[in-house]
Each structure stands twice: as structure tokens, then as C-alpha cells.
Amino acid sequence: MKTARSGRRESHSRIRDGVAREAARLISTGEAGNYPQARRKASERLGVMDRTLLPANEDIAQALQDYQRLFRPDTAALSRRYREAALEAMEFLAPFQPRLTGPVLEGTADAQSVVTLHLHDDDADAVAHHLQQHDIPADADRVRLRLDAHREDTFPVWRFFAGDVAFELVGLPSLQVRQAPWARGDDQPMRRASAAQLRRLLQDPDVAPDTAAGSSPHA
């Protein structure tokens, strides 16, 4: 017999799933550029004002995967190509303990997606020197990231193309290799994968990123 509490949970879950599906549709159609924006627009359109009923970034990512699998079956092939390019870059950048994050890891990449790698070194110039030594021209910039609930800072980022694949390399202190920055609009660390974890994901594309990453998906 269903209790009032279980009925409430089911109702809340349906609302959360509905917002996640609408957010995924907004991202896929280009009406929203990221998860926080899509979540806000979706909640406004569906009239969901209670923040406790809003989906997390990972819920939207899963809904986006489902949407693209149904309406854009070429997404899987594109994600694999980007992941293979990411793995090649991670092997080249192995001294910096690279971690893959973003749509390429999530399996939701489209033709405009960027391969985002977090690199770790306490020498702020080490990545730039590495790129220069290998004659890789890159545009340097800064990006602001949240480190936890109370801290945020700006970090160097280098952007370049390898063939038709866009890359951005974010330089972080060595300490951050075990403590991922927080995802935008979500009070939890970004999901990331090491090269070894990405290899496992490539071997079995049906495995969720968290499973491929083992017991520590944020490491």
C-alpha cells in the first residue's frame, strides 16, 4: 500500500525528471548553453519554483544522453571520436596528471563541443613551456572556477585546435588532482576521469562515466 510519503517522493521524482528532460531538450536545440542556464529556463517554463525539486547537473547530463540517443543517433560516434582525441592528448600531457571533464566525458558532445582537460602542476608556466617545446600554438586566457563552497579563483587556460577538435587545457595546482573544482551551478565536484579511466570507458561505451571512473569519479 502506497503511503503519503512514498507518493510524495514519486511526485517529486517525476517533477525532477521532467525538468531534467526539458533542460536536456533546451541544450540539445541550442536554447541553453550550459546546465545551470538550462535548469533555470526549464524550471521557469514548467513552473517549478521549489529549488529542492530541481535536477542536479548529472541528472541533466543523463537526460541529455537519453535525448541525443533518441533524436541524434550520431552522438555516440562523435563522442567516441572526441574521447579518442582526448586520450591521445592526455598521453602527451601525462606529466601533468590530466583529467577529462565536460560533455566529452559525459557522452553528450556535439560538433561544437570542446575537449576540456584539467592539468596539474605547481609551476604556473610549466604547461605553456610544454606546449612551446612541441610547437603547439595556443591562445592563453584565464578561467574562474569554484574550488569548494567557500573558495574560488582564476586559473590559466590554453585553447587550440588539433585537426578539427577544439581543446582547452586548464592549469591547476597539484593539490587539485585529488579535489576537482566544483561544477557550475551544482554544489558538488565536477565529474572527471584519468587516462586509465577513459580507456575503460572507451572499451565499454555503455558504462556510465561514474562507473568507468571506479570508486573515485572526481579524482
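You'll find the structure just up there.
Throughout what follows, the structure given in this document is the object of discussion.

Conventions used here
- Residues numbered from 1 in each chain as written.
- Predicted model: local features only at pLDDT ≥ 70, side-chain atom pairs only at ≥ 80, totals over all residues.
- Heavy atoms only, no water.
- Helix = DSSP H or I, 4+ residues; strand = E, 2+ residues; numbered from the N terminus.
- Polar contact = N/O pair within 3.5 Å; in protein donor to acceptor, adjacent residues only side chain to side chain.
- Expected span 1.5 Å × (residues − 1).
- Buried < 20%, exposed > 50% of the residue type's maximum accessible area, 1.4 Å probe, protein only.
- Arc of directions from axis to C-beta.
- 1 Å grid on protein atoms, 1.4 Å probe; cavity = no way out; pocket = protein on both sides within 12 Å on 5 of 7 lines; lining within 4 Å.
- Points joined across faces, edges and corners; volume = space filled by probe spheres on them.
- Nonpolar A, V, L, I, M, F, W, Y, C, P; charged D, E, K, R; others polar.
- Core = buried A, V, L, I, M, F, W, Y, C linked by side-chain atoms within 4.5 Å.

**Side note on the side chain of Arg 39**
- Along the chain, Arg 39 turns up in helix H2 (residues 35-46).
- Among the polar contacts listed, one links the side chain of Arg 39 to the backbone oxygen of Pro 55, at a separation of 3.0 Å.

**Notes on H2**
- Relative to the 16 Å expected for twelve residues at 1.5 Å per residue, H2 spans 16 Å between its end C-alpha atoms, a close match to the ideal helical length.
- Three or more residues of H2 are buried, namely Tyr 35, Ala 38, Arg 39, Ala 42 and Ser 43. Along the long axis of H2, the arc covered by the buried residues comes to 125°, so they all point the same way.
- Taken from the residues just after H2, Gly 47 is the one with a positive phi, measuring 70°.

**Quick word on unusual backbone geometry**
- Located in the positive-phi region is Gln 97, a residue other than glycine, with phi close to 45°.
- Along the chain, Gln 97 turns up in the loop between helix H4 (75-92) and strand E1 (99-101).
- On the accessibility criterion, Gln 97 (37% relative accessible area) is partly exposed.
- Although it is not a glycine, Asp 135 adopts a positive phi angle of roughly 55°.
- With respect to the helices and strands, the residue Asp 135 is situated in the loop between helix H6 (126-133) and strand E3 (139-146).

**Observations concerning the layout of surface pockets**
- The volume enclosed by the largest pocket comes to roughly 1000 Å³.
- If you trace the largest pocket, you find 38 residues lining it, with Gly 33, Asn 34, Tyr 35, Gly 102 and Pro 103 closest to the centre.
- For the lining of the largest pocket, the secondary structure elements donating two or more residues are helix H1 (4-28), H2, helix H3 (57-71), helix H5 (103-106), strand E2 (114-120), E3, strand E4 (152-162) and strand E5 (165-172).
- Top element by residues in the lining of the largest pocket is H3. It accounts for five residues.
- Grouping the constituent residues of the lining of the largest pocket by class yields 15 nonpolar, 14 polar and nine charged.

**Topic: the nonpolar core**
- Among the nonpolar cores identified, the biggest contains 30 residues, and Leu 100, Val 115, Leu 117, Phe 167, Leu 169 and Leu 198 are the most heavily contacted of them.
- Of all elements in the fold, only H4, H5, E2, H6, E4, E5 and helix H7 (195-203) reach the threshold of two or more residues within this core.
- For this core, the element with the most residues is H4, which contributes seven residues.
- In terms of nonpolar packing, the next biggest core, distinct from the first, is built from 17 residues, Ile 27, Tyr 35, Ala 38 and Ala 42 among them.

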